[in-house]
Number of protein chains: 2
Amino acid sequence: MPSPTTSNPAAAGERSTRQKRALAQALDETGEFRSAQSIHASLRAGGERVGLTTVYNQLRALADAGSLDTFRSPEGETLYRRCRTEQHHHHIVCRRCGRTVEIEDDAVESWAASVAKRAGFTEVEHTVEIMGLCRDCRRT
Amino acid sequence: MPSPTTSNPAAAGERSTRQKRALAQALDETGEFRSAQSIHASLRAGGERVGLTTVYNQLRALADAGSLDTFRSPEGETLYRRCRTEQHHHHIVCRRCGRTVEIEDDAVESWAASVAKRAGFTEVEHTVEIMGLCRDCRRT
DNA sequence: TTGATTGCAAAGTGTTTGCAACTAG
DNA sequence: CTAGTTGCAAACACTTTGCAATCAA
């Protein structure tokens, strides 16, 4: 999306609600990737009264705003995690257990940029998916 | 009678049907990752009479048997591709007109390999999508 | 013949949306 | 007040399953 980014991060009327706070806390507690369903279950288990729809709505909003990293598990769930690095980055995903490792390496970034430029493309953006077997899943 | 070690994967009564053949051909034609829905649509468009259920059934069977690689798209679809050992190439896609340019550059290949190795992953494979505006679509 | 295969219809997932009630500012 | 939020219920998209009809060997 060639977004003319007219969106101010700390945008207009954005309220602080009990639900949002609970969700934010849940995300901070476990820095790992978690599914909406799982987060919702935890909140409920913890006594928080939050609707599943709200969890979905908020997670998507946060992800769209760039505050959360997302990735699809092999089982088909969308997993969310608080962003750790501000910069654009990629992940390696274990195709067996779904475990992910973050990649912070500018090499691809510049590679993609130069390759695109050479082909005459502008306003470039890219996605990279690396899959493999992690150490633990290596033998079986 | 001595039980013959039933360890042959491609064993028992497996039939050759029109549908299976069509599906196999579709998979061979485009060596890229494709969704079940997309494959089914192509088959239908090509005049083949194949049920969506059958496409799903066969793709899953083939994947379980290890004949197909699978991977989840960010949109939530399961993508299938015939297994292969040979390296693949990538494309840059114009997000406006859809024109694609082939990328021939091993840089990413080795980058992906080294990054994966550093993270302790094996049997690695990757996909790269670069999108942008091609020369012709640059100015509106 | 006979068991593998097909594919319609229906059931299941995870996720999104319509929208009336609710609430922070 | 009033626009941002909530969450139930219903809609959705993708995938799987039940099962009777079909068909390859």
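For the structure itself, look to the data block above.
Residues numbered from 1 in each chain as written. Chains lettered and ligands numbered in written order. Predicted model: local features only at pLDDT ≥ 70, side-chain atom pairs only at ≥ 80, totals over all residues. Heavy atoms only, no water.

1. Some words on the sheet that holds strand β1 (residues 34-35) of chain A
Residue and element names in this part refer to chain A.
Here comes step 1: The sheet built from 3 strands is open, its strands ordered β1-β3-β2 with antiparallel pairing. Among the strands making up the open sheet, the edge pair consists of β1 and β2 (68-72).
Here comes step 2: As defined by bridge partners, β1 adjoins strand β3 (residues 78-82) across 2 bridges and the pair is classed as antiparallel. Counterpart to Ser35 in the pairing with β3 is Leu79.
Here comes step 3: The sheet strands contacting helix α3 (residues 52-64) are β2 and β3, and the helix crosses β2 at an angle near 110°. (Pairing = 2+ DSSP bridges. Helix = DSSP H or I, 4+ residues; strand = E, 2+ residues; numbered from the N terminus. Contact = heavy atoms within 4.5 Å. Axes fitted to C-alpha atoms, helices over the stretch in contact; angles between N-to-C directions.)

2. Some points on the protein's contact with DNA strand D
Here comes step 1: The environment of DNA strand D is made up of 22 residues, and the closest members are Arg15(A), Thr17(A), Lys20(A), Tyr56(B) and Thr78(B).
Here comes step 2: The sugar-phosphate share of atoms of DNA strand D within 4 Å of the protein amounts to 68%.
Here comes step 3: Tyr56(B) has a polar side-chain atom sitting 2.3 Å from a phosphate oxygen of DNA strand D.
Here comes step 4: Between DNA strand D and the protein, one listed contact pairs a phosphate oxygen with a side-chain N or O atom of Glu77(B) at 3.4 Å.
Here comes step 5: Counting only elements with at least two residues in the surface near DNA strand D, the list comes to α1 (18-29) and α3 of chain A together with α3 (52-64) of chain B.
Here comes step 6: A per-element tally of the surface near DNA strand D places α3(B) first, with 4 residues.
Here comes step 7: Along the lines of polarity and charge, the residues of the surface near DNA strand D split into 2 nonpolar, 13 polar and 7 charged. (Near = heavy atom within 4 Å. Polar contact = N/O pair within 3.5 Å; in protein donor to acceptor, adjacent residues only side chain to side chain. Nonpolar A, V, L, I, M, F, W, Y, C, P; charged D, E, K, R; others polar.)

3. Re the interface of chain A and chain B
Here comes step 1: In this complex, chain A contributes 40 residues to the contact, which on the side of chain B involves 39 residues.
Here comes step 2: With both sides pooled, the region where chain A packs onto chain B buries about 3400 Å², and carbon together with sulfur makes up 63% of that total.
Here comes step 3: Looking at the side of chain A facing chain B, the largest losses of area belong to Trp111(A), Phe121(A) and Met131(A), adding up to 21% of the total buried there.
Here comes step 4: Along the contact surface separating chain A from chain B lie 0 salt bridges.
Here comes step 5: Where chain A touches chain B, the interface holds 4 residue pairs in polar contact (both at pLDDT 80 or more).
Here comes step 6: Those elements that place two or more of their residues in the side of chain A that touches chain B are β4 (90-94), β5 (100-103), α4 (106-118) and β6 (122-133) of chain A.
Here comes step 7: Top element by residues in the side of chain A that touches chain B is β6(A). It accounts for 12 residues.
Here comes step 8: Here the side of chain A that touches chain B is built from residues that sort into 22 nonpolar, 7 polar and 11 charged.
Here comes step 9: As paired strands, β6(A) and strand β6 (residues 122-133) of chain B are joined by 9 bridges and run antiparallel to one another. Bridge assignment links His126(A) to a residue of β6(B), and that residue is Ile130(B). (Buried area = accessible area lost by both parts, 1.4 Å probe. Salt bridge = Lys/Arg side-chain N within 4 Å of Asp/Glu carboxyl O.)

4. A look at the protein's contact with DNA strand C
Here comes step 1: The environment of DNA strand C is made up of 22 residues, and the closest members are Tyr56(A), Arg60(A), Thr78(A), Arg15(B) and Lys20(B).
Here comes step 2: The sugar-phosphate backbone supplies 68% of the atoms of DNA strand C found within 4 Å of the protein.
Here comes step 3: In this structure, Thr17(B) approaches DNA strand C through a side-chain N or O atom, which is 2.7 Å from a phosphate oxygen.
Here comes step 4: Contact between DNA strand C and Thr53(B): a base nitrogen at 3.3 Å from a side-chain N or O atom of the residue.
Here comes step 5: Elements represented by at least two residues in the surface near DNA strand C include exactly α3 of chain A together with α1 (18-29) and α3 of chain B.

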